[in-house]
Amino acid sequence: MTLERTDRGPLGRAEMAAVVARDIPSGSYVNLGIGQPTLVADHLPEGSGVVLHTENGMLHMGPAATGGPDDPIDPDLTNAGKVPVTELPGASYFHHADSFAMMRGGHLDVCVLGAFQVAAGGDLANWHTGAPDAIPAVGGAMDLAIGAKQVLVMMSLFAKDGSPKLVEACTYPLTGAGCVDRVYTDLATFRVGTGPDGRGVEVLETWGTTYDELAARLDVPLVRA
Amino acid sequence: MSATTFHETHDEAVAGVEDGSTVLIGGFGMAGMPVDLVDALIRQGASDLVVVSNNAGNGDTGLAALLAAGRVRRMVCSFPRQSDSWVFDGLYRSGRIELEVVPQGTLAERMRAAGAGIGAFFCPTAVGTPLAEGKETREIEGRTYVLEHPIRGDYALIGAHVADAMGNLVYRKTARNFGPVMAAAARTTIAQVSRVVPVGGLDPEHVVTPGIYVDRVVAAPGSGPAAGDLQQQEQA
């Protein structure tokens, strides 16, 4: 049953992060991508038991360091965005090959990524616009896309120019093929890659809009959950 | 390789790097970046280098300064473009440097493979993307993989925290990053550390990089990836 919430407007950024956090099972090992996904950490409930992985080599990462007396800035302790962070009791450190083996080997439960585009079949484009003068830089995006048991994407449903970011086929270069499970947007939450052909998109819930309105604006094969 | 040697200066530690060498440079951003060794490599003068590092330099110091000095022919990295990577950006846009972009985990695993004597390996990362174009693929038990080859270094420059007199290394926190894999992947590994302790000064259970992988160590004032809190290692 698609839950249509028409008594309110679309989700703000923090609200989107809270919705993603709501859907992360307690006790999961989770990697939060750089940018918007980082906000999810602020909404994990106290005692959730979620352990955050950062691909530069740490499990049980704590919040960003504030530079106060209890959490001084330590240049040797950063997250994947190179922001100084803290360690929680029970943290561990490991080198890069181990960190990515952990990811590629399917040991992480969830990863949350931003995206330029997601295709109905679960293809992800989030590393390169393909512009001829752009310098390609991939970082850990491709490793994350294919590694975690569940890949969640967090993005606005429409680009600034009004074009949908949930598409039939990505026009930007791919980060991973058929790798995305769910897409969390300001207007709706979707499950992608469903149906007999693996190219169906289920609308799980909407925010400030209806299923029919979305079906009119998107060029992908939507179905009600 | 023979026993680890210990050096008074960074210049002495990087002596002999030949033109055309492949140099693995540790660090993720500034964490674990062997800045003093890179500065010494600039003074040493080797050119036509292939540099393998996660990023392509920040600001105007360290790796960025090596690039600015025109010593690097080819950069192999996962994430060259950053807010402060103007040196690399300028060289790339004017066609004065070659770039090979490698997914971060594949970059680490290709060096791990080199250190471990693996000929090549099938990896699921990048399948179906532009970074797998032209590479051999194979389906194994229903999943598609792309063939990736090892990256060997002639030299590795890494930052570690403490060395003992056997060349065993420990690191600090996320500054460990590429250090252990690069140490094993290079013919000659050069480590800058905060300090050297006598044999017995490190608990063998806590050693991260055994001295067999470490050829030269330099501990000099101000050395090490960060002059951080030593207390944890002293307890180790």
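As a starting point, this report considers the structure included with it. (Residues numbered from 1 in each chain as written. Chains lettered and ligands numbered in written order. Predicted model: local features only at pLDDT ≥ 70, side-chain atom pairs only at ≥ 80, totals over all residues. Heavy atoms only, no water.)

Details of the overall build of chain A
- For chain A, the count of helices and strands is 4 helices and 14 strands.
- Based on the C-alpha atoms only, the size of chain A along its principal axes is roughly 55 × 40 × 35 Å.
- Among the 225 residues that make up chain A, the fraction classed as buried is 56%.
- Considering only intrachain contacts with a sequence separation of at least 6, the fraction spanning at least 24 residues in chain A is 61%.
- Working note: accessible area of chain A is about 9200 Å², and carbon and sulfur atoms make up 54% of it.
- Between the averaged position of the 14 positive side-chain charges in chain A and that of its 27 negative side-chain charges there is a distance of 5 Å. (Helix = DSSP H or I, 4+ residues; strand = E, 2+ residues; numbered from the N terminus. Buried < 20%, exposed > 50% of the residue type's maximum accessible area, 1.4 Å probe, protein only. Contact = heavy atoms within 4.5 Å. Areas by Shrake-Rupley, 256 points an atom, 1.4 Å probe, with all protein chains shown as cover. Lys, Arg positive; Asp, Glu negative; His and termini not counted. Charge placed at Lys NZ, Arg CZ, Asp CG, Glu CD.)

Topic: the overall build of chain B
- Summing up its helical and strand segments, chain B has 7 helices and 14 strands in all.
- Against the 2.2 N^0.38 benchmark of 18 Å for 236 residues, chain B shows a C-alpha radius of gyration of 18 Å, consistent with a compact globule.
- Looking at chain B as a whole, 58% of its 236 residues are labelled buried.
- Pairs at least 24 residues apart make up 75% of the contacts formed inside chain B by residues separated by at least 6 positions.
- As displayed, chain B has an accessible area near 9300 Å², and 48% of this comes from carbon and sulfur atoms.
- Of the side-chain charges in chain B, 19 are positive and 26 negative, and the distance between the mean point of each set is 4 Å. (Rg over C-alpha atoms; globule rule 2.2 N^0.38 Å.)

Brief notes about the nonpolar core
- Formed by 41 residues in total, the largest nonpolar core has its most connected members in I25, L66, L67, M75 and L157 of chain B.
- Look past the residues within four positions of L67 of chain B in its chain and what remains in contact with it is A56, V72, M75, V87, F88, L91 and I97 of chain B. (Core = buried A, V, L, I, M, F, W, Y, C linked by side-chain atoms within 4.5 Å.)

Here's the deal with the sheet that holds strand β13 (residues 195-197) of chain B
- The sheet built from 3 strands is open, its strands ordered β11-β10-β13 (chain B) with mixed pairing. Edge positions in the sheet fall to β11 (169-170) and β13 of chain B, since each of these pairs with one other strand and no more. (Pairing = 2+ DSSP bridges.)

With respect to the side chain of S48 of chain A
Residue and element names in this part refer to chain A.
- Within the element layout of this structure, S48 appears in the loop between β2 (29-32) and β3 (51-54).
- Owing to a relative accessible area of 12%, S48 belongs among the buried residues under this scheme.
- Excluding residues that lie within four positions of it along the chain, S48 makes contacts with S26 and G27.

A short note on the interface of chain A and chain B
- Across the contact, 36 residues belong to chain A and 46 residues belong to chain B.
- Of the roughly 3300 Å² buried at the junction of chain A and chain B (both faces included), carbon and sulfur atoms supply 61%.
- Taken together, the connections running from chain A to chain B amount to 19 residue pairs in polar contact (both at pLDDT 80 or more).
- Contributing elements (two or more residues each) for the side of chain A that touches chain B: β5 (85-93), α2 (96-104) and α3 (141-147) of chain A.
- With 4 residues, the top contributor of residues to the side of chain A that touches chain B is α2 of chain A. (Buried area = accessible area lost by both parts, 1.4 Å probe. Polar contact = N/O pair within 3.5 Å; in protein donor to acceptor, adjacent residues only side chain to side chain.)

Observations regarding α2 of chain A
Residue and element names in this part refer to chain A.
- With 7 of 9 residues buried, α2 is to be regarded as a mostly interior element.
- Every buried residue belonging to α2 is among H96, A97, S99, F100, M102, M103 and R104, and all of these are buried.
- Looking one or two places after α2, you find G106, whose phi comes out positive at around 80 degrees.

Points about the pairing of strand β13 (residues 200-207) of chain A
All names here are of chain A.
- Most of β13 is tucked away, with 8 of its 8 residues classed as buried.
- Taken together, the 3 bridges between strand β1 (residues 3-5) and β13 define a ladder with parallel strand orientation. Counted as the bridge partner of L3 is E205 from β13.
- Where strand β12 (residues 188-194) meets β13, 5 bridges bridge the pair, whose relative direction is antiparallel. Looking at β13, one finds that R191 is bridged to E202.
- Remark: 5 residues form the turn of the hairpin made by β12 and β13, two consecutive strands paired antiparallel; G195 in that turn has positive phi of roughly 85 degrees.
- Relative to strand β14 (residues 222-224), β13 is paired through 3 bridges, and the arrangement is parallel. Directly across from V201, in β14, lies its bridge partner L222.

Considerations on the pattern of salt bridges
Residues and elements named next belong to chain B.
- All told, the structure shown has 23 salt bridges over all chains when counted by the stated rule.
- A salt bridge links R74 to E100; the nearest nitrogen and oxygen atoms lie 2.8 Å apart. With R74 in strand β4 (residues 72-77) and E100 in strand β5 (residues 98-101), this residue pair connects regions lying 26 residues apart in the sequence.
- Three or more residues joined by partner-sharing salt bridges are found here, namely D48, R73, R74, E98, E100 and R110. (Salt bridge = Lys/Arg side-chain N within 4 Å of Asp/Glu carboxyl O.)

A short note on the pairing of strand β3 (residues 49-52) of chain B
Residues and elements named next belong to chain B.
- Judged by which residues are buried, β3 turns out to be covered on both faces: L49 and V51 on one side and V50 and V52 on the other are all buried.
- Judged from the 4 bridges that link them, β3 and β4 form a sheet pairing that is parallel. Along β4, the bridge assignment pairs L49 with V72.
- Crossover handedness for the path β3 to helix α3 (residues 63-68) to β4: right-handed. (Right-handed = clockwise from strand over helix to strand, strands pointing away.)

Some thoughts on the sheet that holds strand β2 (residues 22-25) of chain B
All names here are of chain B.
- Read across the open sheet, the 8 strands follow the order β1-β14-β12-β9-β2-β3-β4-β5; overall the sheet is parallel. Each of the sheet's edge strands pairs with one partner strand only, and the pair in question is β1 (5-7) and β5. Averaged over all pairs of adjacent strands, the angle between their axes in this sheet comes to 20 degrees, without regard to strand direction.
- Pairing of strand β9 (residues 153-159) with strand β12 (residues 186-193), which is carried by 6 bridges, proceeds in the parallel orientation. From the neighbouring strand, G153 faces β12, where its bridge partner is A186.
- The strands touched by helix α2 (residues 35-44) are β2, β3, β9, β12 and β14 (216-219); relative to β12, the strand with the most contacts, the crossing angle is about 120 degrees. (Axes fitted to C-alpha atoms, helices over the stretch in contact; angles between N-to-C directions.)

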